[in-house]
Structure formats: structure tokens, C-alpha cells
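Per-entry structural report
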Amino acid sequence: MAEDQAWLEQTEAPVLRVYRWDRPTATIGYAQNLSRLKGELPDWPVIRRWTGGGVVFHQGDFTYSLIVPAAHAWADTRPVDSYRMVHGSLAHALTDAGVEGARLAEPADVIDAPFCFVAPAVHDVIAGSVKLAGAGQRRSKIGLLHQGSVQQVKLGATFWHDWAALLATDVHLVKRLPPAIQARAEELDKKRYSLAEWLASRDDRL
């Protein structure tokens, strides 16, 4: 979470960041009430995201972030449009990768529940009644942060590069965080994302 925010603060070009979790973990959306979820969450670490959305269980999923600085045109799109554009491209990439039936959810597919992957929202990616991808977004004066998860599918080694090539004309692979982003991420972790008060009530020390 801290690395995503640090990228958004410092990047001059859009970034597609892809990562996995080293242990089963739950993330909750910025506006969710943790106390109301007690008793419904597994005994896993829980982290509050800076973006919206519901509860996401990360256990063998593919997690990604699309980070768009304010100077880029995508940062000015309406939330519903950017969500549709990102997930429409993702559904296309999943279809190209051999996932049958990947499409955007329509109003008739929507389920109202706090747990993300049992509750498709409009423009999530689904196949039949199975939700394959969902996300949360945050907009601010520094740009757009889209944090997503892809589940219930097997993806080949080139999938993320292939999808990046659908999103951009030039793709550059970065395997290590630039030092300035690493330093800012460590500060954000200490002053926001690792704090019990951030998890409980969105309070931080920034």
C-alpha cells in the first residue's frame, strides 16, 4: 500500500505494478468500518487500503496497481469511465490468455455485499457467475490510483507484460523500486499503513 502511494506521488508516467503476497492477507477499503467486520474476517493480517472498495482476501491471487499521474489524460476521466476502461482492457487480455467468457459485469450481475469477490459491481470482470477481477480507486490532485486483484484464473508468465502492451505504446520493465520511492514508501509505512489507528479509523501521523 505504501509503495503504491509513493509511486503515485513521484512518477511522471503511468505505472502498472504487479505483486504477490507472502502470506494470506485481507485488505479493506478506505471507507470500511473495521469494527463491523470483526468476526467475519479470517485470522489473517488486515491492511486498510487508500482506495475504496470492499474486503479482498489475498491468497494466491494476482494483485496489481495502475498508477496514473495527474498530468496524464486518464487521471481526468470520470470514475465510472476509468473503471470501465481498465477492466475492459483487462477482460480483453484475459480472453487473449485463454480465459473463456471474461466480460464486464452489468447491473443485473451486481450483488450488494461487503466482500469483494462474492459481490460483483458494475464493470468488474466476470465469467458466468464467477468474479475474476475487482478493484478500488482513489483520485486526488496528484492523480489516479487503481488497486485491483485477479482471482480464480491461471496466468502465464507473460500475461502482465502483454496487458501492459495493450495499455501503452512503450513498456519498460522495472524490477526494483527507485531509491526515492523506496524511502518514501518506508516513511508512509511508518506514519500510515502500519499504524493500528489507520486500520481502525483512518487516523495517521502524516
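It should be noted that the structure appears before, not after, this text.
What you see is a predicted model; the values in this text were computed from it and never measured.

Rules used in this analysis
- Residues numbered from 1 in each chain as written.
- Predicted model: local features only at pLDDT ≥ 70, side-chain atom pairs only at ≥ 80, totals over all residues.
- Heavy atoms only, no water.
- Core = buried A, V, L, I, M, F, W, Y, C linked by side-chain atoms within 4.5 Å.
- Buried < 20%, exposed > 50% of the residue type's maximum accessible area, 1.4 Å probe, protein only.
- Helix = DSSP H or I, 4+ residues; strand = E, 2+ residues; numbered from the N terminus.
- Contact = heavy atoms within 4.5 Å.
- Arc of directions from axis to C-beta.
- Polar contact = N/O pair within 3.5 Å; in protein donor to acceptor, adjacent residues only side chain to side chain.
- Axes fitted to C-alpha atoms, helices over the stretch in contact; angles between N-to-C directions.
- Parallel < 35°, antiparallel > 145°, perpendicular 65-115°, else oblique.
- Left-handed = near helix turned anticlockwise from the far one by under 90°.
- Nonpolar A, V, L, I, M, F, W, Y, C, P; charged D, E, K, R; others polar.
- Pairing = 2+ DSSP bridges.

A closer look at the nonpolar core
The biggest cluster of nonpolar side chains holds 25 residues, and the ones touching the most others in it are Leu 90, Leu 94 and Val 150. Elements with a minimum of two residues in this core: β5 (62–69), α3 (79–96), β7 (125–127), β8 (130–140), β9 (143–150) and α4 (159–167). With six residues, the top contributor of residues to this core is α3. Among residues more than four places away in sequence, those in contact with Leu 94 are Val 99, Ala 102, Val 125, Leu 132, Val 150, Val 153, Leu 155 and Phe 159. Counting residues in each nonpolar core, the second largest holds 16 residues, with Ala 6, Trp 50, Ile 181 and Leu 195 among its members.

Considering α4
Turning to α4, its buried residues are Phe 159, Trp 160, Trp 163 and Ala 164. Looking straight down α4, one finds that the buried residues subtend no more than 130 degrees of arc, so they occupy a single side. Residues of α4 that are buried in the fold lie against β1 (15–19), β5, α3 and β9.

Structural notes on the environment of Ser 194
Position of Ser 194 among the secondary structure elements: in the loop between α5 (179–193) and α6 (196–201). Overall, Ser 194 belongs to the partly exposed group, its relative accessible area being 47%. In this structure the C-alpha to C-alpha distance between Ser 194 and Asp 4, which are 190 residues apart in sequence, comes to 14 Å. From its side chain, Ser 194 meets the backbone oxygen of Asp 189 in a polar contact 2.6 Å long.

Here we look at the packing of α3 against α4
Close contact between α3 and α4 brings their axes to 10 Å; oriented N to C, the two are set at 130 degrees. With respect to their mutual orientation, α3 and α4 come out oblique. Relative to α4, α3 is oriented so that their crossing is right-handed. Contact with α3, carried on its side by Val 86, Ser 89, Leu 90, His 92, Ala 93 and Leu 94, involves Phe 159, Trp 163, Leu 166 and Leu 167 of α4 and no other residues of that element. Each residue belonging to the contact of α3 with α4 can be placed in one class, and the counts come to eight nonpolar, two polar and no charged.

Considering the pairing of β9
For β9, the tally of buried residues reaches eight of eight residues, placing the bulk of the element in the interior. When β5 meets β9, the two strands line up antiparallel, connected through eight bridges. In the strand pairing of β9, Phe 62 is matched with Val 150. Here β8 pairs with β9 via eight bridges, running antiparallel. Along β9, the bridge assignment pairs Gly 136 with Gln 147. The antiparallel hairpin formed by β8 and β9 contains two residues in its connecting segment.

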